[in-house]
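Each chain, letter by letter, is given below.
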Amino acid sequence: GENVEQHPSTLSVQEGDSAVIKCTYSDSASNYFPWYKQELGKGPQLIIDIRSNVGEKKDQRIAVTLNKTAKHFSLHITETQPEDSAVYFCAAGSARQLTFGSGTQLTVLP
Amino acid sequence: DTAVSQTPKYLVTQMGNDKSIKCEQNLGHDTMYWYKQDSKKFLKIMFSYNNKELIINETVPNRFSPKSPDKAHLNLHINSLELGDSAVYFCASSQGLTYNEQFFGPGTRLTVL
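Residues numbered from 1 in each chain as written. Chains lettered and ligands numbered in written order. Predicted model: local features only at pLDDT ≥ 70, side-chain atom pairs only at ≥ 80, totals over all residues. Heavy atoms only, no water.

Digging into the state of the cysteines
Spelled out, the test is: Two cysteine sulfurs form a disulfide in these notes if their separation is within 2.5 Å. Helix and strand labels come from DSSP, where a helix needs a run of H or I of at least four residues and a strand needs a run of E of at least two; each type is numbered from the N terminus. Relative accessibility decides the category of a residue: with a 1.4 Å probe and only protein chains considered, values under 20% of the type maximum give buried, values over 50% give exposed, and everything between is partly exposed.
Within this structure, the stated rule accounts for two disulfides over all chains. Across a sulfur-sulfur distance of 2.0 Å, C23(A) and C90(A) are joined as a disulfide pair. Its torsion about the S-S bond being -100 degrees, the disulfide of C23(A) and C90(A) is classed as left-handed. Of the two residues, C23(A) sits in strand 3 (residues 19–25) while C90(A) sits in strand 9 (residues 86–93), which places them 67 residues apart along the sequence. Each member of the pair C23(A) and C90(A) is classed as buried. Disulfide pairing places C23(B) opposite C91(B) at an S-S distance of 1.8 Å.

Some words on the interface of chain A and chain B
Where the parts come together, the accessible area they lose is often given as the size of the interface. Note the threshold: By definition, residues are in contact when any of their heavy atoms lie within 4.5 Å. When two components associate, each loses some accessible surface as probed by a 1.4 Å sphere; the sum of these losses over both components is called the buried area. A pairing counts as a salt bridge when a side-chain nitrogen of Lys or Arg comes within 4 Å of a carboxyl oxygen of Asp or Glu. Definition of a polar contact: a pair of N or O atoms within 3.5 Å, with one able to donate and the other able to accept a hydrogen when the atoms are protein atoms, and with sequence-neighbouring residues admitted only if both atoms are side-chain atoms.
Counting residues at the interface gives 20 residues for chain A, matched by 21 residues for chain B. Overall, the association of chain A and chain B removes approximately 1,800 Å² of surface from exposure, summing both partners, and the carbon and sulfur fraction of that is 54%. Viewed at the interface, chain B and chain A are joined by zero salt bridges. If you look at where chain A meets chain B, you find two residue pairs in polar contact (both at pLDDT 80 or more). Elements with a minimum of two residues in the side of chain A that touches chain B: strand 4 (32–38), strand 5 (45–51), strand 9 and strand 10 (98–100) of chain A.

Here it is, written out as structure tokens:
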């Protein structure tokens, strides 16, 4: 089955700095790569996703890059704000299911 | 509000008891899921239903039994609760099996004493 590894597990940045979270996956059949944000006491919420026919996607301060050859994808958050503090999950999707990474606790220090 | 809702939000019970968690979505989706999130925040799929048909049944003990009376509801019944069942359980829904956004409910925190 699919195995998704996510790094780092914790990340602290100063407000205004950039944050980068990286994931690798094992199943070459995966072709959908969403990123979810989970705030304390809430369910995960999709923030951005990318499909395998696209190498990069950007939505305001958030961008995701995908390297299918190397089987890795990354989330980039620029100009971080305190409200970006949360747990971020990457996931890899095949025809059957999503497999989630282990999560990254991002803390943005004011 | 259009959303995925779960009840109860908190569930505290004794070992050996049987309990149920209910989930409803009013997004018109045809696929629903149950996930388990452990104390280390690891999120793992348990079950998925597509048009009321069981699609995914991961290596979950058969003490866990999902039931989908219709496309808008997916309930989770747990028999003979064990300490290791303590976790947050999330229901989610999507249109289609994958490749589309999954909408998560607020979660049910289950504590087994």
